[in-house]
Amino acid sequence: MAELNSIREDHMGVRATDVTAAGGMVTCGNYLAARVGRDILVAGGNAVDAAVATALALCVVKPSSNGIAGYGGAMVIYLADIGRVVAIDYNTRAPKATTEDMYEPVAPPLKQSNTGGFAGVEGLKNMFGPLAVSVPATIAGLSLAAKRYGRLGWSELVRPAIRLAADGFPAWPGLREDIRSLIDNTDAESAAAFLQGGGVPEEGETWRLPDVARLLETLADDSDAFYHGEPARVIVERVRSMGGILTEEDMADYRVDVSEPLELDYRGHRVYAAPGISGSPTALEALAAMQFLNTRPYEADDPSYWGDLAGTLVLSWHDRLAFLGDVPGFGKLVEHLKSHRYAELIAARVRADNFTPIPSEFDPTTCTVHVNACDSDRNLVAMTQTHGGGYGSRVVVPGLGIALGHGMSRFNPEAGHPNSPGPWKQPLHNMSPMIITKDGKPVAAIGLPGGRTIPSLMPQFAAAIADFGMTAAQQLNLPRIHTQGGAIQHTADLPEYARKAISQRGHELVEKEAIGGVASTILIREDTVYGASQGENGALGI
């Protein structure tokens, strides 16, 4: 039986190359979706239009990684006409009937994929099945972005995804195994609902999703129908028939709004990151401390960079796992964690090697997608969205053909923690799309999938741009390190001097085949836009 959460992105590990354009650019991990975004730019759409259309296309062509009923995402937008950065946090919410003790933790802790040290749960009920389902937030976030900041109109942005679902698309390498992993690990009704009368496609075979196409047609006419109409009723009926607690009231009451991003001044640049209960507080905490460890920009081959980075990530992850969650005062806590005063304290502890590693499992999924988009006006978008693990809850809705995300898996299942489950709470997720500006002008949009590796890798991507002055592709091709407060995992290409610098600080080193998912970047230098993606042909410009 295939292990669902071992799914790898198609073409993961492709070495990125820089693509240049004078007009606009779309980058993501999948060529079919990137082409949709590029075509939207050609049709006169702006960066928000391109990003939303690409994301909707990804819901069709990358159904394990995200979906129409994915649990959510985050978007950061640079608005060129007013020189302002805004954010849309479309994180899920737990059903209102959620209780702190609704799951039965297993003792001793059960190794549970992508929980990063959380206790396991009896029957993995927080990961798979009806009790893993939270309010799906993807459509709310994408439609708000399109209606508030897009140019072409929501319905036009849905059309390419409808065509992909109705007419079909060639199965990309690995899609067959991807689908097989769901079919072999879910109930018969979900399997049949997902296949929609067809079979599991061979590589290159045209795969059609007629039920998904019909749902998208409905949503093109009225995106609110997902939360107030027949789709909401059918979703709730399916979840409750299996023993879940999601209600039509939960669906109808879900709201998303525009908010302020988290911000940090770094090396003369301004870093804007996703707000909320996300990966951004951890990423920015690490960046803030790095500035105090070295007042001048690091060099890419500076051993101290790697030693300092390892220490700041360990301590930032300690704070993440101990303090972050949807609790009163969260906003003030985040401001404290990325403040100058706290950065000095973290830097001092790193210099003194004052940390105690905490045990943690390393089993990140890459079942998430990331999209960047830029237009000729230099509007810029970075966005990440997800199901969680592959196909989320593994619950598929008959007649709609969509898998439901498992946002409940992102809570700590033990009671008494800031990130414990609770009614209408938002879970602590890892997504952290970023936009970087300098002197008020857009410089870069960056991000990646990769589960818990995201908060560790985003500071490395930002430093590659602000410290090292690298191109988009050079940034993506750098060696990577990751920790969740314990050992330092690293890719095989980490130089010996970097390994020595890290180990001399007292860290255990563990080599990994890969860290993080298919990353992509847009970089703007003067009149040229540079794009790069680790997905094959995933950067397309005009």
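Coordinates for the structure precede this section.
Attention here is on the structure that accompanies the text. Just so you know, the residues in each chain are numbered from 1, in the order the chain's sequence is written. Per-residue local features are limited, in this predicted model, to residues with pLDDT of at least 70; the limit for side-chain atom pairs, both in listing and counting, is 80 or more; totals at the level of whole chains, interfaces and linings are taken over all residues. With hydrogens and water excluded, all non-hydrogen atoms of the structure serve as input to the side-chain values.

Some thoughts on the overall build of the protein
- Numbering of helices and strands runs from the N terminus, with a helix taken as a DSSP run of H or I at least four residues long and a strand as a DSSP run of E at least two residues long. Per the secondary structure count, the protein includes 17 helices and 21 strands.
- Computation of the radius of gyration draws on C-alpha atoms, with the globule rule given as 2.2 Å multiplied by the number of residues to the power 0.38. Taking 24 Å as the expected radius of gyration for a compact globule of 542 residues, we find that the protein reaches 21 Å, a close match to that expectation.
- Reported as C-alpha extents along the three principal axes, the dimensions of the protein are approximately 60 × 55 × 40 Å.
- Of all 542 residues assigned to the protein, the portion counted as buried reaches 64%. Each residue gets one of three labels from its accessible area relative to the maximum for its type: buried under 20%, exposed over 50%, partly exposed in between, using a 1.4 Å probe on protein chains only.

Observations regarding the environment of isoleucine 402
- Relative to the helices and strands, isoleucine 402 is located in strand E13 (residues 402–403).
- Sequence spacing of isoleucine 402 and cysteine 59 is 343 residues, and the spatial spacing of their C-alpha atoms is 9.4 Å.
- Pairs of residues are marked as contacts when any of their non-hydrogen atoms sit within 4.5 Å. In this view, isoleucine 402 contacts Ile68, Ala69, Val212, Leu215, Phe226, Ile235, Val395, Val396 and Val397; residues no more than four positions away in its chain are not counted.

Let's talk about the sheet that holds strand E20 (residues 528–533)
- Strands are treated as partners if at least two bridges between them are detected by DSSP. Strand order across the open sheet formed by 7 strands is E1-E20-E19-E15-E14-E9-E8, with antiparallel pairing between neighbours. Each end of this open sheet is capped by a strand with a single partner; those strands are strand E1 (19–21) and strand E8 (262–266). Here the average twist between neighbouring strands, direction ignored, is 20°.
- Summarising the sheet, strand E15 (residues 441–447) and strand E19 (residues 520–525) pair through 4 bridges and their orientation is antiparallel. Across the sheet, residue alanine 445 finds its bridge partner in E19, namely isoleucine 522.
- Axis lines are fitted to C-alpha atoms, over the contacting stretch for helices. Their N-to-C directions set the angle, which ranges from 0 to 180 degrees. On top of the sheet, helix H15 (residues 454–466) reaches E8, strand E9 (269–273), strand E14 (434–438), E15 and E19; it is set at about 145° to E15, its chief contact.

With respect to the pattern of salt bridges
- What counts as a salt bridge is simple: a side-chain nitrogen of Lys or Arg found within 4 Å of a carboxyl oxygen of Asp or Glu. Taken as a whole, this structure holds 20 salt bridges when the rule is applied.
- With its nearest N and O atoms 3.0 Å apart, the salt bridge here joins glutamate 249 to lysine 96. Taken as a pair, glutamate 249 in helix H10 (residues 248–253) and lysine 96 in the loop between strand E4 (84–90) and helix H3 (138–149) lie far apart in primary sequence, 153 residues in all.
- A relative accessible area of 32% means that lysine 96 is categorised as partly exposed.
- Between arginine 176 and glutamate 202 there is a salt bridge, with the nearest N and O atoms lying 3.5 Å from each other. Of this pair, arginine 176 sits in helix H5 (residues 175–183) while glutamate 202 sits in the loop between helix H6 (188–195) and strand E6 (206–207), and the two are 26 residues apart along the sequence.
- When its relative accessible area of 28% is taken as the criterion, arginine 176 is described as partly exposed.

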